[in-house]
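# Notes for the structure review
What follows is the residue order along each chain.
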Amino acid sequence: EAGSDAHSNAKKHARAIIHIDLDCFYAQVEMVAEPELRDKPLGIQQKNIIVTCNYPARARGVGKLQRLKSAFEACPELVIRNGSDLKRYREASEKILSQLKTFTPRVERLGLDEFFLDVTDVLRAPPEGLDLEDEELFGANEGFAPHLYR
């Protein structure tokens, strides 16, 4: 029971912190802006390197911090978006931060794509309607990696 574990751990530990790290964040921002890119290998370029790429690109051998020439050798059909202007990424990060603050006001951001949420109070006194036993929220969700650091 993941929910009850979270509740009991909040009682044992001084703070309960959730760490959110958005993988391939710049690529995700581009895919939201251009949904047709979702299934295409996509790389985000800054200077002469790929700073991040989506999963279809990774499946074809493209990696983060790879030189552009090498990325095209691995994946000639790679679609490139220029990631030099951070404005859209900053705006997307602000929107995410704003949404996270609706859950708890205790949110810290690291860079544009990592967030730390102090949910101690939420676990000690869950808001009405939040079921800590809900497997869909706290259990076997694909894409979530539960870790307890002591």
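For the structure, check the block above.
Let me sum up the structure you'll find in this document. Since the structure is predicted, the reported quantities are computational estimates derived from the model, not experimental observations.

A few words on the pattern of salt bridges. Applying the stated criterion across every chain, the model contains seven salt bridges. Close ionic contact of E34 with R81 constitutes a salt bridge, the shortest N to O distance being 2.9 Å. Taken together, the residues E34 in the loop between α2 (25-33) and β2 (42-46) and R81 in strand β5 (residues 79-82) connect sequence positions 47 residues apart.

To continue, consider the layout of surface pockets. There is about 210 Å³ of room inside the second largest pocket. As for the second largest pocket, its lining consists of 13 residues, and the residues nearest its centre are F25, V51, T52, K64 and D113. Partitioning the lining of the second largest pocket into residue classes produces seven nonpolar, one polar and five charged.

This paragraph deals with the packing of aromatic side chains. In total, this model carries two aromatic pairs according to the counting rule given. With 4.0 Å between their ring centres and 0 degrees between their planes, Y26 and Y89 make a pair best called stacked. One end of the pair, Y26, is in helix α2; the other, Y89, is in helix α5 (residues 87-100), with 63 residues separating them in the sequence. Its relative accessible area of 18% is what places Y26 among the buried residues. Its relative accessible area of 1% is what places Y89 among the buried residues. Here the aromatic cluster, defined as three or more aromatic residues joined through ring pairs, consists of F25, Y26 and Y89.

Simply put, the disulfide is a covalent bond whose two ends are the sulfur atoms of two cysteines. Under the criterion given, the structure shown has zero disulfides. Residue C53 stays outside any disulfide, its sulfur separated by 7.5 Å from that of C24, the closest cysteine. Take C53: its relative accessible area is 0%, and that puts it in the buried class. In this structure C75 is a free cysteine whose sulfur lies 9.1 Å from that of C53, the closest cysteine sulfur available.

Read across the sheet, three strands follow the order β1-β7-β6 without closing on themselves; strand pairing throughout is antiparallel. Unpaired on one side and paired on the other, β1 (17-21) and β6 (107-110) mark the two borders of the sheet. Each neighbouring strand pair of the sheet contributes to a mean axis angle of 15 degrees, computed without reference to strand direction. The pairing of β6 with strand β7 (residues 114-118) spans four bridges and is classified as antiparallel. Paired with E108 across the two strands is F116, which belongs to β7.

The topology assignment puts D21 in strand β1. Once the C-alpha coordinates of D21 and E114 are considered, the two residues, 93 residues apart in sequence, prove to be 4.4 Å apart. Those residues in contact with D21 that sit more than four places away from it in its chain are D113 and E114.

This part takes up the sheet that holds strand β3 (residues 49-53). Taken in spatial order, the four strands of this open sheet run β4-β3-β2-β5, and their pairing is mixed. Each edge of the open sheet is held by one strand with a lone partner, namely β4 (66-67) and β5. Together, β2, β3 and β5 form the strand contacts of α2, whose direction differs from that of β2 by roughly 115 degrees.

Basis of the calculations
Starting afresh in each chain, residues are numbered from 1 along the sequence in its written order. pLDDT decides what is reported in this predicted model: residues at 70 or higher carry local features, side-chain atom pairs at 80 or more are listed and counted, and totals for whole chains, interfaces and linings draw on all residues regardless. Computation of side-chain values covers all heavy atoms of the structure but excludes hydrogens and water. Any carboxyl oxygen of Asp or Glu that lies within 4 Å of a side-chain nitrogen of Lys or Arg is treated as forming a salt bridge with it. Only runs of H or I of at least four residues qualify as helices and only runs of E of at least two qualify as strands under DSSP, and these elements are numbered from the N terminus. Cavities and pockets were defined on a 1 Å grid built over protein atoms only: a cavity is a set of grid points that admits a 1.4 Å probe from which the probe cannot escape, a pocket is an open set flanked by protein on both sides within 12 Å along at least five of seven lines, and lining residues are those with an atom within 4 Å of any such point. Grid points are joined across faces, edges and corners, and a volume is the space filled by probe spheres set on the points. Classification used: nonpolar for Ala, Val, Leu, Ile, Met, Phe, Trp, Tyr, Cys and Pro, charged for Asp, Glu, Lys and Arg, polar for all others including Gly. Each Phe, Tyr or Trp ring (for Trp, its six-membered ring) is paired with any other whose centre lies within 6.5 Å, and the angle between the two planes then decides the class: stacked below 30 degrees, edge-to-face above 60, tilted in between. Using a 1.4 Å probe on the protein chains alone, a residue whose accessible area is under 20% of its type maximum counts as buried, one over 50% counts as exposed, and one in between counts as partly exposed. Here, two cysteine sulfur atoms that lie within 2.5 Å of each other are counted as a disulfide. By this definition, two strands are paired if DSSP reports at least two bridges between them. Comment: axis = line fitted to C-alpha atoms, over the contacting stretch for helices; angle = value between 0 and 180 degrees taken between N-to-C directions. Whether two residues touch is decided by their heavy atoms; if any such pair falls within 4.5 Å, the residues are in contact.

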